[in-house]
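# Working through the structure, step by step
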Amino acid sequence: MDHYDPQQTNDYMQPEEDWDRDLLLDPAWEKQQRKTFTAWCNSHLRKAGTQIENIEEDFRDGLKLMLLLEVISGERLAKPERGKMRVHKISNVNKALDFIASKGVKLVSIGAEEIVDGNVKMTLGMIWTIILRFAIQDISVEETSAKEGLLLWCQRKTAPYKNVNIQNFHISWKDGLGFCALIHRHRPELIDYGKLRKDDPLTNLNTAFDVAEKYLDIPKMLDAEDIVGTARPDEKAIMTYVSSFYHAFSGAQKAETAANRICKVLAVNQENEQLMEDYEKLASDLLEWIRRTIPWLENRAPENTMQAMQQKLEDFRDYRRLHKPPKVQEKCQLEINFNTLQTKLRLSNRPAFMPSEGKMVSDINNAWGGLEQAEKGYEEWLLNEIRRLERLDHLAEKFRQKASIHESWTDGKEAMLQQKDYETATLSEIKALLKKHEAFESDLAAHQDRVEQIAAIAQELNELDYYDSPSVNARCQKICDQWDNLGALTQKRREALERTEKLLETIDQLYLEYAKRAAPFNNWMEGAMEDLQDTFIVHTIEEIQGLTTAHEQFKATLPDADKERQAILGIHNEVSKIVQTYHVNMAGTNPYTTITPLEINGKWEHVRQLVPRRDQALMEEHARQQQNERLRKQFGAQANVIGPWIQTKMEEIGRISIEMHGTLEDQLNHLRQYEKSIVNYKPKIDQLEGDHQLIQEALIFDNKHTNYTMEHIRVGWEQLLTTIARTINEVENQILTRDAKGISQEQMNEFRASFNHFDRDHSGTLGPEEFKACLISLGYDIGNDAQKKTGMMDCEDFRACLISMGYNMGEAEFARIMSIVDPNRLGVVTFQAFIDFMSRETADTDTADQVMASFKILAGDKVRLHTLVSCISLISAFFFLLSLRESVKGSTLPWEGALKSPAQLSVRTLQPTLASKF
């Protein structure tokens, strides 16, 4: 940077002459220059451990300005003034300006006073002058000026990228793709250029600024929003920022070029060293191969066999065809490598290569000449030796063929004649061996002629002085000796087979008798063991007593069984005596049975051991059954008391829920006292649970002393507790309903009486038809047509009467009512649902006494039937009179007979009774 070219000064100062014309900076440009120049200064000042915040303020004292020039120039400036007076500041700034001027920079209209006074434009102009001198002036591409060189560099670097056209340092950079292209060109791993879009400049600019700051150590000198929001970004700010990219990448490129140059030199040296090593190794291997091969070619020792000589000829052909050609190629390659290496060393100005002693190219050529000399005559000698041996080989081959055929036939024959297979054979196998031996004797006689021919050929080879006569004679003698031995062994085997046949016939008879008696006895023992080990499952004392009786009967048969066992073992002992006397090797087993004496004794001993075990098991089971019987009786006695008690309590609760004694509060108190007495019964249930636990542990599954199981008791007890709790809850709900709806005790009793009357199964619920009849009995109109008020029951009226007795009625109205009282569609109506419904229906009506009092006021203490009928419907009056039946004290109502003839029923028939009543 200290070198300065005057010619470059003119080019360098050209932009500065425009500074006066740009004194009135555009505000947007000023903002961009302020940020860019501040960031550029800080990028250098941070090397000295400081920075600036306000470019026009922080340079006023000249201290940081001088420090900045020292950092970027690498030179020391004059010692600054440390005073805080204006004169000291002007002195420091002048020192800085003088230094700039000493570098050949012409400062136009920039004085120390303007800088000290904080003149923004002058300060920015001074910084721009510094940037031009120290950051841009040295940029030169193809002898162009600094600005043009930087522009040309940018154009070349971004040329391959689409949508990038760098023509200037302002609008060409607005879309951000130029910055991203510069980074991607040098560091493609930092930016995925393919994902960038020209219509998204903010993202492109921020991406480039962030990556440059994070990975390239280039501070963020620009704001993306300022560049995009300005029609023409500030050229000086863009140039300053772009110059940072140039210096960052050009420095890396120089380092890379130097590294590549060093690597290239090292690679050439390594290649030459490798060629030297390869030559030495290849020369050593080739000379070693020549040294080993020459003695082999000079060997003329004859072979005695045709095969050996043919192998030598084949080895020589393999040498000429397989082994020598690669070595010829290696020799040629060795010479090529040597010449190539010498050329490379000469071109690299290095000394010529001198191989180790004895490995020169001339040494290798001399050794190769000796190899060629040794090959001469070797093949001709091999062919002559082969023709000489061929004459003797034919006769020897004939001897070998006949000897091989005979030896192949005799192979295994001696072992076959000497084997003792008859000692372990059965009688049928012995007879088969005799027939097989007779066939072998016939075959032995047929091979007598071949043995004589082999002996004659061996004699002829001895007379012709065959080189391998000793082996021929030895083989012939072995064949003759073997033939004599085969004759002796054949006669010996026939005698042994005939003797063994007689012994086995006797043993076979004893085996058959043993098998006939051992099989049924073995079956008896197996059955006995199975019975003695059989797991018995009994549930009563009678069953275990029956098993004990059967076991005693079995023990009485054991003495006779032991006698039969000894007789069977006696037959087997007789066979053993014959085997020991005549030394018969009985490797086989009894062909008629697989039952051995050892197996019989083992099973018999097992039976004897099982008998006392069975006795003990029966005794233990008898004691266990006695204990189980005591548990059954104990549980049955308690269950027979608790079960009926639960049933009785359930019935009593049912009766209490139906009966109406006293007020609802009295019924509630009575039920709670009743519940307390039931809960106090819980200890007896717990005691029964304990007895049941003992029964389960004893695995008792039935009990003839009771029909109750613990599950029945549990279910009954839970139902009892549930029923009393539900009944108490119903009474409490009735009290709540009565108090909330203002229903009198008389109405509540009437509802209960009607509900109980139609609850024929005493289940506490009403079926649909029962509920329908109950409603009608209480005067509820369920018909779909208007009630006729004629004073007579016609067919339709009588139909309504029959419905009250359980017959069918209209379904539309009734379905509506059922949806109210049975919302869950269970098919039954509880008393609580019934009370809720009736309370809603009667909440706004008067009581019967109030109605009667009203009639008396209107009739003057006389209630007439036609007045009653005129106020309520005929059906309602009819059922109202029915409800008064009890008050008639058992008298016969004249209208009761009308039920037999519904068509004649009229109000007149009711008048006498009503008149007497009212």
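Residues numbered from 1 in each chain as written. Predicted model: local features only at pLDDT ≥ 70, side-chain atom pairs only at ≥ 80, totals over all residues. Heavy atoms only, no water.

## Remarks on the overall build of the protein chain
Test applied: The secondary structure listing takes helices from DSSP runs of H or I that are at least 4 residues long and strands from runs of E that are at least 2 residues long, numbered from the N terminus. Type-normalised accessible area, obtained with a 1.4 Å probe on protein chains alone, sets the label of each residue: buried when under 20%, exposed when over 50%, and partly exposed for intermediate values. Residue contacts are counted whenever heavy atoms from the two residues lie within 4.5 Å of one another. The Shrake-Rupley method, run with a 1.4 Å probe sphere, supplies the accessible areas, and residue values consider only the shown protein chains as cover.
Across its full length, the protein chain holds 34 helices and two strands. The buried share of the protein chain, taken over its 918 residues, is 41%. In the protein chain, 75% of the contacts between residues at least 6 apart in sequence involve partners at least 24 apart. A total accessible area of about 51,200 Å² is found for the protein chain, and carbon and sulfur atoms account for 52% of it.

## Considerations on the nonpolar core
To be explicit about the condition: Here, nonpolar core refers to any group of buried Ala, Val, Leu, Ile, Met, Phe, Trp, Tyr and Cys residues whose side-chain atoms link them within 4.5 Å.
By size, the foremost hydrophobic cluster in this structure holds 77 residues, and its most contacted members are Ile130, Phe179 and Phe245. Looking at which element gives the most residues to this core, the answer is helix H7 (residues 120-136), with 12 residues. Phe245 has contacts with Trp153, Phe179, Leu182, Ile183, Ala212, Leu216 and Ile218, leaving out every residue within four places of it along the chain. Judged by nonpolar contacts, the second largest core, of 48 residues, contains Ile642, Ile728, Val731 and Phe834.

## Brief notes about the packing of helix H19 (residues 469-533) against helix H21 (residues 558-582)
The cut-off we apply is this: Every axis corresponds to a line fitted to the C-alpha atoms, with the helix fit spanning only the stretch in contact, and the corresponding angles, defined between N-to-C directions, vary from 0 to 180 degrees. Any angle between 65 and 115 degrees counts as roughly perpendicular, while under 35 counts as roughly parallel, over 145 as roughly antiparallel, and the rest as oblique. A crossing counts as left-handed when the near helix is turned anticlockwise from the far one by less than a right angle, and as right-handed when that turn is clockwise.
The interhelical angle for the contact between H19 and H21, taken along N-to-C directions, is 160 degrees, at an axis separation of 10 Å. Considered as vectors, H19 and H21 are oriented roughly antiparallel to each other. Along this stretch, H19 crosses H21, giving a crossing that reads as left-handed.

## Topic: the pattern of salt bridges
Where side chains of opposite charge bring their charged atoms close, a pairing between them can arise. Basically, it comes down to this: Definition used for salt bridges: Asp or Glu carboxyl oxygen within 4 Å of a side-chain nitrogen of Lys or Arg.
If you walk through the whole model with that rule in mind, you get 51 salt bridges. In this structure, Arg714 and Glu711 form a salt bridge, with 3.3 Å as the shortest nitrogen-oxygen distance. Of this pair, Arg714 and Glu711 are both found in helix H25 (residues 710-741), three residues apart, which corresponds to roughly one turn of the helix. Taken together, the shared-partner salt bridges connect Arg320, Lys324, Glu372 and Glu375 into one network.

## Describing the environment of Leu427
Structurally, Leu427 can be placed in helix H17 (residues 427-446). By relative accessible area, Leu427 is classed as buried at 18%. Along the chain, Leu427 and Leu503 lie 76 residues apart, while their C-alpha atoms are 8.9 Å from each other. With residues near it in sequence (within four places) discarded, Leu427 still touches Glu501, Leu504, Glu505 and Asp508.

## Overview of helix H4 (residues 63-73)
Within H4, burial applies to Leu65, Met66, Leu68, Leu69, Glu70, Ile72 and Ser73. Those residues of H4 hidden inside the fold are in contact with helix H2 (27-45), helix H5 (86-102) and H7. Gly74 sits one or two positions beyond H4 and adopts a positive phi of about 75 degrees.

## Observations concerning the side chain of Thr129
We count it as follows: The definition of a polar contact used here is a pair of N or O atoms within 3.5 Å, where within protein one atom must be able to donate a hydrogen and the other to accept one, and adjacent residues in sequence count solely through side-chain atom pairs.
Relative to the helices and strands, Thr129 resides in helix H7. Judged by relative accessible area, which is 3%, Thr129 ranks as buried. Looking at Thr129, its side chain comes within polar contact range of the main-chain oxygen of Gly125, at 2.8 Å.

## Some details on the packing of aromatic side chains
Here the distance between the centres and the angle between the planes together describe a pair of aromatic rings. Note the threshold: Two rings from Phe, Tyr or Trp (for Trp, the six-membered ring) form a pair when their centres are within 6.5 Å of each other. A pair whose planes differ by under 30 degrees is stacked, one over 60 is edge-to-face, and the rest are tilted. Placement of a charge over a ring requires the Lys NZ or Arg CZ to be within 6 Å of the ring centre, with the centre-to-atom vector within 35 degrees of the ring normal.
Summed over the entire model, instances satisfying the criterion amount to 29 aromatic pairs. With a centroid separation of 5.2 Å and an interplanar angle of 55 degrees, the aromatic rings of Phe316 and Tyr378 are classed as tilted. One end of the pair, Phe316, is in helix H13 (residues 306-347); the other, Tyr378, is in helix H15 (residues 378-410), and 62 residues separate them in sequence. Note on Phe316: relative accessible area 2%, which makes it buried. The class for Tyr378 is buried, based on a relative accessible area of 2%. Grouping aromatic residues by their ring pairs yields a cluster made of Phe169, Trp173, Phe179, Phe209, Tyr241, Phe245 and Phe249. Positioned above the aromatic ring of Trp409 is the side chain of Lys413, whose terminal nitrogen or guanidinium carbon lies 5.0 Å from the ring centre.

## Digging into H25
Structurally, the α-helix is built with 3.6 residues per turn, so residues lying three or four positions apart point the same way. Note the cut-off: By this rule, a helix spans an expected 1.5 Å times one less than how many residues it contains.
End to end, H25 covers 46 Å across 32 residues, agreeing with the expected 46 Å (1.5 Å per residue, within 8%). Looking one or two residues beyond H25, the residue adopting positive phi is Gly742, at roughly 75 degrees.

## Overview of unusual backbone geometry
Positive phi, normally seen in glycine, also occurs at Asn163, with a value near 65 degrees. Tracing the backbone through its elements, the reader meets Asn163 in the loop between helix H8 (146-158) and helix H9 (177-186). The class of Asn163 is partly exposed, set by a relative accessible area of 44%. A positive phi angle, close to 60 degrees, is found at Asp217, a residue other than glycine. Along the chain, Asp217 turns up in the loop between helix H10 (201-215) and helix H11 (224-229).

## Quick look at the packing of helix H27 (residues 768-777) against helix H29 (residues 812-821)
To keep things clear, this is the line we draw: When residue character is reported, Ala, Val, Leu, Ile, Met, Phe, Trp, Tyr, Cys and Pro are called nonpolar, Asp, Glu, Lys and Arg charged, and the others, Gly included, polar.
Look at H27 against H29: their axes get within 11 Å of each other, and the N-to-C directions meet at 105 degrees. In terms of their interaxial angle, H27 and H29 are classed as roughly perpendicular. Along the contact surface, H27 presents Pro768, Phe771, Lys772 and Leu775, while H29 presents Phe814, Ile817, Met818 and Val821. A class-by-class count of the residues in the contact of H27 with H29 yields seven nonpolar, no polar and one charged.

## Considering the state of the cysteines
To keep it simple, the criterion reads: What counts as a disulfide here is a pair of cysteine sulfur atoms lying within 2.5 Å.
Summed over the entire model, instances satisfying the criterion amount to zero disulfides. Distance from the sulfur of Cys476, which forms no disulfide, to the nearest cysteine sulfur (Cys480) is 4.4 Å. Taking relative accessible area as the criterion, Cys476 reaches 10% and is therefore assigned buried.

## Structural notes on the confidence of the model for the protein chain
As a reminder of what qualifies: Values of pLDDT, the confidence the predictor places in each residue, fall between 0 and 100.
Residues at a pLDDT of 70 or more form 81% of the protein chain, whose mean pLDDT is 78. Mean pLDDT values over the elements of the protein chain span from 36, in helix H1 (residues 6-13), up to 91, in H9. Here residues 1-24 is a poorly scored stretch, pLDDT under 50, and it has 41 contacts once near neighbours within four places are set aside; other chains count. Confidence drops under pLDDT 50 across residues 784-802; counting only partners more than four residues distant or on other chains, this segment forms 38 contacts.

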